[in-house]
Amino acid sequence: MTRLRAEGLTLGYDGRVVADGLEVAIPDGSFTAIVGPNACGKSTLLKAFARVLRPNGGSVYLDGELIASYRSKEVARRLGLLPQTSTAPSGITVGDLVARGRYPHQGLLRQWSADDEAVVTDVMRRTGVLDLADRMVDELSGGQRQRVWLAMVLAQRTAILLLDEPTTFLDIAHQVEVLDLCAQLHEQDGYTLVAVLHDLNQACRYATHMVAMRAGGVVAAAGRPGDIVTAELVEDVFGLRARVIDDPETGTPMIIPLARVANRAFA
């Protein structure tokens, strides 16, 4: 039994069904990428996993129990969520924002402690933002801000991290920087990561497990990228004719869209 799974999940907004009958299990200790075309339900599924969105039907299980049965703070002690867009309060420093990740561990009988301070310092060091601790968050670059938000989620000290499009709005260098950091957290620290990713090649390069969703919220395939990513799958899921070759750097699948055939009749 995996720590996080969905059974018979139906999801939607305002009476519109986005996904129906989803069966998804996240392998423990994996770096799972959820991929698929726009509006197929990827982020919606992640919100259901995080208990941000209540399913119309079916169930999400966390550690063998219905996630709906946990108190909010207990969910936050077990999994962390980095949403697609995050807005920091005006005038807050990096150190203060990261410290908010310790909120699930606070209570009437447990206030800020030396252990909390040590956790915050540790996660800022690991994400490369310790030297920014006294800077205002709104002064930072996009890549720096994303690492700060990731540090805040890490400060929750959960074993499962849910990342909703963590590379959105970042240039290619910062995308690689953030994904390298995620891979390090997975490989060296044993985190279970679940990330919604738009770039299929990046998903193939970094993920150890992939969930491919079609339009309509149907899981087309799930498994190791090297086992499931084929030209047929790419065309079936994305409607894109492509070749799939080995990435010359990693040996993972690389998707090469077929070239447009030039119309030479008027050449």
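In every chain, residue numbers begin from 1 and rise along the written sequence. Where totals are concerned, whole chains, interfaces and linings use all residues; where local detail is concerned, this predicted model gives features only for residues with pLDDT of at least 70, and gives and counts side-chain atom pairs only at 80 or more. Processing note: side-chain calculations cover all non-hydrogen atoms of the structure and skip hydrogens and water entirely.

## Details of the packing of aromatic side chains
This is how the line gets drawn: What counts as a ring pair is set by centres within 6.5 Å for rings of Phe, Tyr and Trp (its six-membered ring), and what kind of pair is set by the plane angle: stacked under 30 degrees, edge-to-face over 60, tilted for all other angles. A ring has a charge above it when a Lys NZ or an Arg CZ is no more than 6 Å from the ring centre and no more than 35 degrees off the ring normal.
The full count for this structure, using the stated rule, is 0 aromatic pairs. One residue, R5, lies across the ring of Y61, its end atom 4.2 Å from the ring centre.

## Some details on empty space enclosed by the protein
The following threshold applies: Points on a 1 Å grid, built from protein atoms alone, make a cavity when a 1.4 Å probe fits but cannot get out and make a pocket when they are open with protein on both sides within 12 Å along at least 5 of 7 lines; residues with an atom within 4 Å of a point are the lining residues. Grid points are joined across faces, edges and corners, and a volume is the space filled by probe spheres set on the points. Numbering goes from the N terminus for both helices and strands, where a helix is a DSSP run of H or I of at least four residues and a strand is a run of E of at least two. Basically, the charged four are Asp, Glu, Lys and Arg, the nonpolar ten are Ala, Val, Leu, Ile, Met, Phe, Trp, Tyr, Cys and Pro, and anything else, Gly included, counts as polar.
Counted under the stated rule, the structure contains 1 cavity of 30 Å³ or more. Lining the largest cavity are L200, M210, A212, V229, L233, V234, V237 and F238. Looking at the lining of the largest cavity, the elements with two or more residues in it are β9 (209-214) and α9 (231-238). If you tally residues by element for the lining of the largest cavity, the top one is α9, at 4 residues. Residue composition of the lining of the largest cavity, grouped by class: 8 nonpolar, no polar and no charged.

## Some remarks on the environment of V237
The condition that has to hold: Here, residues are in contact when the closest pair of their heavy atoms is within 4.5 Å.
Looking at the element boundaries, V237 is found in helix α9. Spatially, the C-alpha atoms of V237 and A68 are 31 Å apart, while their sequence positions differ by 169 residues. Contacts of V237, omitting those with residues within four sequence positions, involve G36, P37, A212, M213, R214 and A220.

## Details of the nonpolar core
Note the cut-off: Residue types Ala, Val, Leu, Ile, Met, Phe, Trp, Tyr and Cys, when buried and joined through side-chain atoms within 4.5 Å, form a set referred to as a nonpolar core. When a residue's accessible area, from a 1.4 Å probe over protein chains only, is under 20% of the maximum for its type it is buried; when over 50% it is exposed; and in between it is partly exposed.
Among the nonpolar cores identified, the biggest contains 54 residues, and V94, V98, L161, M210 and V229 are the most heavily contacted of them. Ranked by the residues each element gives to this core, the list is headed by helix α5 (residues 142-154), at 7 residues. The residues touching V98, leaving out its near neighbours within four places in the chain, are V120, V123, M124, V148, A151, M152 and A155. Counting residues in hydrophobic clusters, the runner-up holds 28 residues, among them A19, V24, L62 and V196.

## Focus on the sheet that holds strand β2 (residues 16-26)
The condition is simple: When DSSP finds two or more bridges between two strands, those strands count as paired. Fitted lines through C-alpha atoms give the axes, limited to the stretch in contact for helices. The angle between two N-to-C directions lies from 0 to 180 degrees.
Pairing is antiparallel in the open sheet, where 4 strands are placed in the order β2-β1-β4-β5. Both edges of this open sheet fall to β2 and β5 (65-66), since each of them pairs with a single strand only. Here 5 bridges tie strand β1 (residues 4-13) to strand β4 (residues 57-62), and the two strands are oriented antiparallel to one another. Along β4, the bridge assignment pairs E7 with S59. On top of the sheet, helix α1 (residues 42-49) reaches β1, β2 and β4; it is set at about 120° to β1, its chief contact.

## Describing unusual backbone geometry
Phi is positive for A39, which is not a glycine, with a value near 65°. Tracing the chain through its elements places A39 in the loop between β3 (31-35) and α1. For R157, which is not a glycine, the phi torsion comes out positive at approximately 60°. Structurally, R157 can be placed in the loop between α5 and β7 (160-164). Overall, R157 belongs to the partly exposed group, its relative accessible area being 36%.

## Describing the layout of surface pockets
Within this model, the largest pocket holds a volume of roughly 320 Å³. Forming the boundary of the largest pocket are 18 residues, of which S86, G142, R145, Q146 and W149 lie nearest the centre. Its volume calculated, the second largest pocket comes out at about 210 Å³. Lining the second largest pocket are A48, R51, L53, R54, P55, G58, S59, V60, L66, I67 and A68. With 3 residues, β4 is the largest single contributor of residues to the lining of the second largest pocket.

## Here we look at the sheet that holds β7
Taken in spatial order, the 6 strands make up an open sheet running β6-β7-β8-β3-β9-β10, and their pairing is mixed. Only two strands of the sheet have a single neighbouring strand rather than two, namely β6 (79-82) and β10 (218-223). In this sheet, adjacent strand axes meet at a mean angle of 15° when their direction is disregarded. The pairing of β9 with β10 spans 5 bridges and is classified as antiparallel. The residue bridging R214 from the neighbouring strand is V218, located in β10. With respect to the sheet, α5 is in contact with β6 and β7, its orientation differing from that of β6 by roughly 165°. Sitting on the sheet, helix α6 (residues 172-189) is in contact with β3, β7 and β8 (192-196), with an inclination near 140° to β3.

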